[in-house]
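# Observations on the model geometry
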Amino acid sequence: MKCFSRYLPYIFRPPSSLLSSSCHTEADIISTVEFNPTGELLATGDKGGRVVVFQREQESKNHPHRRGEYNVYSTFQSHEPEFDYLKSLEIEEKINKIRWLPQQNAAYFLLSTNDKTVKLWKISERDKRPEGYNLKDEDGRIRDPTTITALRVPVLRPMDLMVEATPRRIFSNAHTYHINSISVNSDYETYMSTDDLRINLWNLEITNRSFNIVDIKPANMEELTEVITAAEFHPNQCNTFVYSSSKGSIRLCDMRTSALCDNHSKLFEEPEDPSNRSFFSEIISSISDVKFSHSGRYLMTRDYLTVKVWDVNMESKPLETYQVHDYLRSKLCSLYENDCIFDKFECVWNGTDSVLMTGSYNNFFRMFDRNTKRDVTLEASRENSKPRAILKPRKVCVGGKRRKDEISVDSLDFSKKILHTAWHPYENIIAVAATNNLYIFQDKVN
Amino acid sequence: MVAKGQKRKLLEGRGGAWESQLQSVLDISMEKFHRDQALVEPSLLRSVLISNTLRQVQSEVRAQVESLSSVKMPSKPQTHSGLEPDFPSGSPSSTEHNAPLFSLNDENSNTEEDVMAWTSEEDFSLSSAISVILKDLDTVIDAGQGPPRAPLGSVENLTGDARHTQYPPSSSRTERASNVVPSVKSEAACLGCPQDVVLEKLLLDIDTSVFEPEVNLLQGFSVTADDLVKYLPSLSKSPSASSSSSSSSHGQATWEIQEIEHVMDILMRTYPQS
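Please read these numbers as outputs of a predicted model, since none were measured by experiment. (Residues numbered from 1 in each chain as written. Chains lettered and ligands numbered in written order. Predicted model: local features only at pLDDT ≥ 70, side-chain atom pairs only at ≥ 80, totals over all residues. Heavy atoms only, no water.)

Another point: the overall build of chain B. The helix and strand inventory of chain B stands at 11 helices and zero strands. The 274 residues of chain B split such that 51% are buried. For chain B, the proportion of contacts with a sequence separation of at least 24, taken over those separated by at least 6, is 84%. Within the structure as shown, chain B displays about 12500 Å² of accessible surface, and the carbon and sulfur contribution to it stands at 54%. (Helix = DSSP H or I, 4+ residues; strand = E, 2+ residues; numbered from the N terminus. Buried < 20%, exposed > 50% of the residue type's maximum accessible area, 1.4 Å probe, protein only. Contact = heavy atoms within 4.5 Å. Areas by Shrake-Rupley, 256 points an atom, 1.4 Å probe, with all protein chains shown as cover.)

Structural data, given as structure tokens:
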């Protein structure tokens, strides 16, 4: 597949950051990346509660080589740190997820969430402003009424484009535990927010009420052995959603069956391979992300070492399993010790559901072609990617002789992890978040 | 019944590497648990995964102990001289008081008895290592329920989740009291069991034929575990203290040890040493 080998890197950093890339503040760490449904906009959220939205340059005859370049469109502070006085807990402002709503008018809408509160933001452009008010002058100062001798009608005059973001809805106080996912329903009227033990259904218009549709909290918290890790609505069927658990199972629920979807319609679970059993089997089976394919026929799940594709009609075992970094299997004890085993990697489909992408360590990310069964490892790094250079496939050497370009497992930098990636809905453009840097790669089509 | 030689071979094959990994997983898990306890709000996912790992370690160790004990001890010992309670006056190795609600069943305590009786035989180092691990696990697993519980204790009480505002006070206090006990000696590990199990076991262990001429004493002695538990003033305390359980203290530990000692004194006094 030619897109594997030909990518052009563009490197962006949050515009407010004045620090060089080698040292960065904690607040600049990107925590979520998401394209909007048309691919025109790309939103990133960071640990400091900021959202930065990039917009794709329109094609222009004057600058043909700049087609597809993403530039900063809007930056706003979505969430602030809060203090819950009742429980003496600080609520982090880190943006856990951003989800775009489909565009219905000139403005763009997105949902962004931190651990406790979901906000609906409206991003709109203003390129005209009214001039010629009667009661105040151009600076906004109130005019002396005695100086007003004539009435005039204010006119709209063009101004420099201003993009403003306003919070339109704030959905709060519905989650006791930390929100890990949000998903917009295909009816475009509702969405769901998921925390460790509960899933709530909201109407986008109503902020003071939400419906609980899944609750796995045991009556006795000491019996808690499983939590919800992610959830998503079906892309076409507005009554269907899935949620994944820390024990490696995925449950598909139909909201038509009952108001409370504690009983699943389908349970996707793969029996454990006894030969691979270890103390860490359960931890590495915990699913960190679940995504429906664009068609809705398949599900993709990411656990610590693999990506699995499931057929929605077959619950007994996955259709395909791809090894992301199996060389880590023998290092699980150290990864448990340094907490890396708890890292939550995301996974994404390409627009045609033929390629999967997910991140790894050392700023590596992996792509799997479902048709050709080929896979590739690429690196998102400033040093290795000059602008417009083609990304070179990387390889991790597992043992024995290390070739010149290979990197050995022990040399991997586990602090450089790619947890968040996004794929343009139609084109071969990908966004990869590497700590505080956002890389946008695109397939060069000649 | 598996042949002795075969079982032994199996164990030795697993032996060193398995044991060292077991120990390191246990150490790391305990360290993480302690670190998470210090946080105001540890991640629920992380806590659940760590406590599940600890449970798995515990069950693996128990499975090993059972397989070993079934090989070495074809018959369970009738007397339990090793069971004479010998409470250290010092503080226990673990001062976890948070949520000791992992209940151990009788089968496990029998297994631990076997371990104790068997320590005098060969493979002393292995068995004592397993005993130490088991004892550690008893305290840790019980406290391992802490992470889902301690931060949520306040949440539960304050967010109006009416169903879960209070944990059953008697059982929590019971097991909290007994949780502190296992410290140094391997036999003390048995007493990490819920207190009613401990007491019932002790009562059963006593050779009742000794008491027949002393009917009065026996009658006075045949109290149920629940009754004895009432002797402990801690049980009547309000459960609101459980919310602040995250602040563990040595003082509370030694106080609870003294309560246990008090109960044991009552038991000891009611039948004279022969």
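Moving on from the model shown.
Now for the packing of aromatic side chains. All names here are of chain A. Under the counting rule described, the total for this entry stands at 18 aromatic pairs over all chains. With a centroid separation of 5.9 Å and 75° between ring planes, the pair formed by Phe 268 and Trp 310 is classed as edge-to-face. You can see Phe 268 sitting in strand β19 (residues 266-268) and its partner Trp 310 sitting in strand β22 (residues 306-311), a full 42 residues away along the chain. The same class applies to Phe 268 as to Trp 310, namely buried. Consider the rings of Tyr 322 and Phe 368, whose centres lie 5.1 Å apart with planes at 35°: the pair is tilted. Remark: Phe 368 occurs in strand β26 (residues 364-369) and Tyr 322 occurs in strand β23 (residues 320-323); sequence separation between them is 46 residues. Grouping aromatic residues by their ring pairs yields a cluster made of Tyr 304, Phe 345, Tyr 361 and Phe 414. (Phe/Tyr/Trp six-rings, centres within 6.5 Å; stacked < 30°, edge-to-face > 60°.)

Residues and elements named next belong to chain A. By volume, the second largest pocket amounts to about 680 Å³. Along the walls of the second largest pocket sit 24 residues, with Glu 270, Glu 272, Asp 273, Ser 285 and Lys 308 positioned nearest its centre. Among the secondary structure elements, those contributing two or more residues to the lining of the second largest pocket are α1 (281-285), β22 and β23. When residues in the lining of the second largest pocket are grouped by element, the largest group, four residues, is from α1. Among the residues forming the lining of the second largest pocket, the class breakdown is five nonpolar, nine polar and 10 charged. (1 Å grid on protein atoms, 1.4 Å probe; cavity = no way out; pocket = protein on both sides within 12 Å on 5 of 7 lines; lining within 4 Å. Points joined across faces, edges and corners; volume = space filled by probe spheres on them. Nonpolar A, V, L, I, M, F, W, Y, C, P; charged D, E, K, R; others polar.)

This paragraph deals with the side chain of Thr229(A). Mapped onto the elements, Thr229(A) comes out in strand β16 (residues 228-233). A polar contact is formed between the side chain of Thr229(A) and the side chain of Ser244(A), at a distance of 2.8 Å. The residues contacting Thr229(A), other than those within four sequence positions of it, are Asn180(A), Ser181(A), Ser244(A), Ser245(A), Ser246(A), Ser286(A), Ile287(A), Lys344(A) and Leu45(B). (Polar contact = N/O pair within 3.5 Å; in protein donor to acceptor, adjacent residues only side chain to side chain.)

On to the sheet that holds β16(A). Residues and elements named next belong to chain A. The four strands lie next to each other as β16-β17-β18-β19, forming an open sheet whose pairing is antiparallel. With one partner strand each, in any of the chains shown, β16 and β19 form the two edges of the open sheet. Neighbour-to-neighbour, the strand axes of the sheet open up by a mean angle of 20°, direction not taken into account. One ladder, built from three bridges, connects strand β18 (residues 250-254) with β19; its direction is antiparallel. (Pairing = 2+ DSSP bridges. Axes fitted to C-alpha atoms, helices over the stretch in contact; angles between N-to-C directions.)

Before going further, it helps to examine the interface of chain B and chain A. By a frequent convention, interface size equals the accessible area lost on bringing the separate parts together. Listed per partner, the contact involves 36 residues of chain B and 39 residues of chain A. Together, the buried faces of chain B and chain A total about 3300 Å²; carbon and sulfur atoms form 61% of this surface. It is Glu41(B), Leu45(B) and Leu49(B) that lose the most area in chain B upon contact with chain A, and together they represent 18% of the buried surface on that side. Taken together, the links from chain B to chain A amount to three salt bridges. Here Arg46(B) makes a salt bridge to Asp339(A), at a shortest N to O gap of 3.0 Å. On inspection of chain B and its partner chain A, the count reaches eight residue pairs in polar contact (both at pLDDT 80 or more). The element that contributes the greatest number of residues to the side of chain B that touches chain A is helix α2 (residues 44-72) of chain B, accounting for 12 residues. For the side of chain B that touches chain A, the residue count by class is 17 nonpolar, nine polar and 10 charged. (Buried area = accessible area lost by both parts, 1.4 Å probe. Salt bridge = Lys/Arg side-chain N within 4 Å of Asp/Glu carboxyl O.)

Residue and element names in this part refer to chain B. In this model, chain B carries a mean pLDDT of 54, and residues with pLDDT of at least 70 account for 23%. Here helix α5 (residues 146-158) stands out as the element of chain B with the lowest mean pLDDT, 37, in contrast to α2, whose mean of 87 is the highest. Contacts for the low-pLDDT stretch residues 75-123, under 50 throughout, to residues beyond four places or in other chains number 113 contacts. Here residues 143-194 scores under 50 on pLDDT; set against residues more than four positions off or in separate chains, the count is 141 contacts. Among the scores for the predicted complex, ipTM is 0.88 and pTM is 0.69. (pLDDT = per-residue confidence, 0-100.)

Residues and elements named next belong to chain A. In this structure, Ser 88 takes a positive phi of about 55° despite not being glycine. Summarising the element assignment, Ser 88 is placed in the loop between β6 (82-84) and β7 (89-91). Relative accessible area serves as the criterion here: at 47%, Ser 88 is assigned to the partly exposed category.

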